[in-house]
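# Remarks on the overall topology
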Amino acid sequence: LADFVNLMSIISLLGIPFSIFMFIIGQGKYTNYFVAHTYGFLILPLISVKLRIEGWENTKDHAVYMANHQSFLDLILLPWAFPSRCVIVAKDIFKYYGPVGLYMYLSKNIYVKRQDRKKAVSTMDAAAEDARRKGVSIFIFVEGTRSHLKTLDLLPFKKGPFHLAIKTGHPIVPCVFSSFRTFFDGDKWQFMSGEVTIRFTKPIPTEGYSTDDMENLMSNVREDMLATYRSISQ
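So, here is what we can say about the structure in this document. (Residues numbered from 1 in each chain as written. Predicted model: local features only at pLDDT ≥ 70, side-chain atom pairs only at ≥ 80, totals over all residues. Heavy atoms only, no water.)

## Notes on the pattern of salt bridges
Proximity of charged atoms lets side chains of opposite charge pair with each other. Quick reminder of the rule: In what follows, salt bridge is the name for a side-chain nitrogen of Lys or Arg lying within 4 Å of a carboxyl oxygen of Asp or Glu. Comment: elements are numbered from the N terminus, with helices defined as DSSP H or I runs of at least four residues and strands as E runs of at least two. For every residue, the accessible area (1.4 Å probe, protein chains only) is compared with the maximum for its type, and the residue is labelled buried under 20%, exposed over 50%, or partly exposed between those bounds.
For the structure shown, the criterion picks out seven salt bridges. With its nearest N and O atoms 2.7 Å apart, the salt bridge here joins Arg199 to Glu54. Taken as a pair, Arg199 in strand E9 (residues 194-200) and Glu54 in strand E1 (residues 49-54) lie far apart in primary sequence, 145 residues in all. Judged by relative accessible area, which is 23%, Glu54 ranks as partly exposed. Salt-bridge contacts for Glu215 lead to Lys159; the nearest nitrogen and oxygen are separated by 3.4 Å.

Now the structure itself:
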């Protein structure tokens, strides 16, 4: 967590002046996109990773993007693929981390207190209504935490992202990172040269689903993401 917070603090400090400007003019929904892509342009040449982005044609103006989460390296590589008009769902603990909290607030991102299920559901409902009203997309790591798995598998998915997707009515667009295990040791922070693919797969509609049959939607999305993860990690 400390490594992640330190990284996000650096990004946030660089992005706060821009986010203040965008907040004042009422365009906070664009902040993440511009800050992310500027950061990606600056940081990617400094690491020995070749990045390939596939399926950009599958991105939508209104969607719930669900991604797998392996390590803090996701946050280094994600900016190149971050969609426009998109906000992030994050743990509420980040609001207490100085620059991160300020940046997250100014750029209209969403905090969720997962330990309090009733409050988490209420927050998701409010976020869904806000997303519909403002016409923005939402990005969320669907496993809820970093997996650190040594095998080509995914952690169990959290229900919150699917509750959110159903309430917004937006399609789900899986965003899958290939495995880092062949070139990155997260425990030792050791890099070797490697390649990463980020693939957006075809949108999965949420129409016709309710919270009562959410398990079927979760199963469909997990099947899609797991098959993609294994395919692009070979």
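## Things to note about helix H5 (residues 117-134)
Side chains of residues three or four places apart in an α-helix project in the same direction, reflecting 3.6 residues per turn. To keep things clear, this is the line we draw: To estimate how far a helix should reach, multiply one less than its number of residues by 1.5 Å. For this quantity, the arc is that covered by the directions from the helix axis to the C-beta atoms.
In this model, H5 (18 residues) spans 25 Å end to end at C-alpha, consistent with the 26 Å of a helix rising 1.5 Å per residue. Three or more residues of H5 are buried, namely Ala120, Met124, Ala127, Ala128 and Ala131. The arc that holds the buried residues of H5, viewed along the axis, is 105 degrees, so those residues lie on one side. Facing away from the buried side of H5 by more than 90 degrees, the exposed set consists of Lys118 and Arg133. Following H5 by one or two positions, Gly135 has its phi on the positive side, about 70 degrees.

## So, a nonpolar patch on the surface
Defined as follows: Candidate patch residues must exceed 30% relative accessible area and have no salt bridge, after which like charges are joined if within 9 Å and Val, Leu, Ile, Met, Phe, Trp or Tyr side chains if within 5 Å. Surface exposure here means Shrake-Rupley accessible area, sampled with a 1.4 Å probe, where a residue is shielded only by the protein chains that are shown.
On the surface, Phe18, Ile20, Phe21, Phe23, Ile24, Ile25, Phe34 and Tyr105 cluster together into a nonpolar patch covering about 780 Å² of accessible area. Sort the elements by how many residues they give to the nonpolar patch and helix H1 (residues 2-24) lands first, with five residues. Tracing the backbone through its elements, the reader meets Ile20 in helix H1. Using a relative accessible area of 38% as the deciding quantity, one classes Ile20 as partly exposed.

## A few points about the packing of helix H6 (residues 160-168) against helix H7 (residues 214-232)
Inclusion rule: Here an axis means a line fitted to C-alpha atoms, over the contact stretch when the element is a helix, while the angle between two N-to-C directions is reported on a 0 to 180 degree scale. Should an angle lie under 35 degrees it is considered roughly parallel, over 145 roughly antiparallel, and from 65 to 115 roughly perpendicular; all remaining angles are considered oblique. By the convention used here, residues are in contact when the closest approach between their heavy atoms is within 4.5 Å. Classes in brief: Ala, Val, Leu, Ile, Met, Phe, Trp, Tyr, Cys and Pro nonpolar; Asp, Glu, Lys and Arg charged; the others, Gly included, polar.
At a minimum axis separation of 10 Å, H6 and H7 run at an interaxial angle of 110 degrees. Taken together, H6 and H7 sit at an angle that is classed as roughly perpendicular. Between H6, through Phe162, His163 and Ile166, and H7, the contact on the second element is made entirely by Met214, Leu217, Met218 and Val221. Grouping the constituent residues of the contact of H6 with H7 by class yields six nonpolar, one polar and no charged.

## Quick look at helix H4 (residues 99-106)
Taken together, the buried positions of H4 are occupied by Val100, Gly101, Tyr103, Met104 and Leu106. Just past H4, the residue Lys108 takes up positive phi, approximately 65 degrees.

## Description of the state of the cysteines
Definition in use: When two cysteine sulfur atoms are found within 2.5 Å, that pair is recorded as a disulfide.
Evaluated as defined, the whole model comprises zero disulfides. Of all cysteine sulfurs in the structure, the one in Cys175 sits closest to Cys86, which takes part in no disulfide; the separation is 9.6 Å.

## With respect to the nonpolar core
For clarity, the cut-off: By convention a nonpolar core is built from buried Ala, Val, Leu, Ile, Met, Phe, Trp, Tyr and Cys residues, the set being connected through side-chain atoms within 4.5 Å.
Formed by 33 residues in total, the largest nonpolar core has its most connected members in Met66, Val89, Phe157, Phe162, Ile172, Val221 and Met225. For this core, the element with the most residues is H7, which contributes eight residues. Once residues lying within four places of it in the same chain are set aside, the contact partners of Phe162 are Met66, Val142, Phe157, Ile172, Met214, Leu217, Met218 and Val221. Grouped together as the second largest cluster of nonpolar side chains are 29 residues, Leu73, Ala81, Val196 and Phe200 included.

## Some words on the environment of Arg132
Within the element layout of this structure, Arg132 appears in helix H5. The exposure class of Arg132 is partly exposed, given its relative accessible area of 39%. Those residues in contact with Arg132 that lie beyond four places of it in its chain are Lys167 and Thr168.

## A closer look at unusual backbone geometry
For Arg85, which is not glycine, the phi dihedral falls at a positive 50 degrees. Among the structural elements, Arg85 can be located in the loop between helix H3 (73-77) and strand E3 (86-91).

## Observations regarding the pairing of strand E2 (residues 64-67)
As a reminder, the rule being used: Only strands joined by at least two bridges in the DSSP assignment are considered to pair.
Side-chain alternation along E2 places Val64 and Met66 on one buried face and Tyr65 and Ala67 on a second face that is also buried. Inspection of the sheet shows E2 paired to strand E5 (residues 137-141) by four bridges, in the parallel sense. Across the sheet, Met66 pairs through a bridge with Ile140, a residue of E5. Pairing of E2 with strand E6 (residues 172-177) involves four bridges; the strand directions are parallel. The residue of E6 that forms the bridge with Val64 is Ile172.

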